[in-house]
Amino acid sequence: MTGSVPSRHHEIADDLRHQITTGRIKPGERLPSEAGLAARYRVSTVTLRRALAVLQGEGLVEKIHGKGNYVRHPRRKIMYVGGWGTLDPWTAAEPTLRITIRSTTVPASVCLTTLLKVPTGSPLAEYTCLSLEQGSPHGLARIYIPRDLAPAGVLDVDSVCREAVTRFAVLGPSPATVRESVCARSPTSAEASALRIGSTTAVLAITRIATDSTGRVIEAAFLTFPGDRVDAVFTAHHVLDERQTQA
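Residues numbered from 1 in each chain as written. Predicted model: local features only at pLDDT ≥ 70, side-chain atom pairs only at ≥ 80, totals over all residues. Heavy atoms only, no water.

With 30 residues, the main nonpolar core has Y127, C129, I143, F168, L171, L223 and F225 as its most contacted residues. Among the secondary structure elements, those contributing two or more residues to this core are β3 (78-81), β5 (97-107), β6 (123-133), β7 (136-146), α6 (160-166), β9 (203-211) and β10 (217-226). When residues of this core are assigned to their parent elements, the largest contribution, four residues, is made by β10. The residues contacting F168, other than those within four sequence positions of it, are G85, T86, L87, I99, C129, S131, G139, L140, A141, R208, L223 and F225. In this structure, L16, Y41, A51 and L55 belong to the second largest nonpolar core, which totals 16 residues. (Core = buried A, V, L, I, M, F, W, Y, C linked by side-chain atoms within 4.5 Å. Buried < 20%, exposed > 50% of the residue type's maximum accessible area, 1.4 Å probe, protein only. Helix = DSSP H or I, 4+ residues; strand = E, 2+ residues; numbered from the N terminus. Contact = heavy atoms within 4.5 Å.)

Direction vectors running N to C along helix α2 (residues 34-41) and helix α3 (residues 45-57) enclose 105 degrees, while the axes themselves pass 9 Å from each other. The pairing of α2 with α3 is recorded here as roughly perpendicular in orientation. The segment α2 lies against α3, with E34, A35, L37, A38 and Y41 engaging T45, L48, R49 and L52. In terms of residue class, the contact of α2 with α3 is made up of six nonpolar, one polar and two charged. (Axes fitted to C-alpha atoms, helices over the stretch in contact; angles between N-to-C directions. Parallel < 35°, antiparallel > 145°, perpendicular 65-115°, else oblique. Nonpolar A, V, L, I, M, F, W, Y, C, P; charged D, E, K, R; others polar.)

Turning to the sheet that holds β6, a few remarks are in order. Reading across the sheet, the six strands line up as β5-β6-β7-β10-β9-β8 and stay open at both edges, with antiparallel pairing between neighbours. Bordering the open sheet on either side are β5 and β8 (177-185), each of which pairs with just one other strand. Neighbouring strand axes in the sheet, compared pairwise and without regard to direction, differ in orientation by 15 degrees on average. Note that β8 and β9 share nine bridges and pair antiparallel. Following the sheet pairing, S181 is matched in β9 by T207. (Pairing = 2+ DSSP bridges.)

So, to be careful, I would describe these as geometric facts and stop short of saying anything about function.
Given below as structure tokens:
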């Protein structure tokens, strides 16, 4: 019984991977054009793109629209602290990480109506936050707050809210409770585009709901991280067995 013969695009991916891991092609370096690589390996551009897709899926190469394919810098993981609903302040404050923020007002969709417990169409402040490391996306947050609770100065460089955004923390009033739902899944097309990852790359998706002491929902947030760039830590509290306490 003979072994299977590697397909041509896998052979090309293996060769480029070897050049990247041995340092012949360095982090941040732009690869030759797809047409140039196809000519070098004597394959069609379709085959060449399949090879690059393998490396993109492994996180070794990223394609930047209009610029080309670049070797990724090694990714340092950041930590999400469950229960606190925030990125660890030490890793989130690394000087290599920076944040971009876009703010707008949107009407509450059916999904947000359910999560925030507001009438459909109610005005919500929407904050789209993207953390970047050395220019490459590291995490995405979409935060929704009832318009009357939206804090001022979120976009100001020196504001307290800016520091909270850096950690993807709750932006509104201090919450009494934070409920988080966590799952691993494939990214949506919008998430894959924003994070510059392949559609087959697994992401860690966190839906966070914050409420105040009266039970009012003050914020709903959707956080998305490529699976290889974040660790999520949740602390479990010991609960006594009621049967033992009643014995």
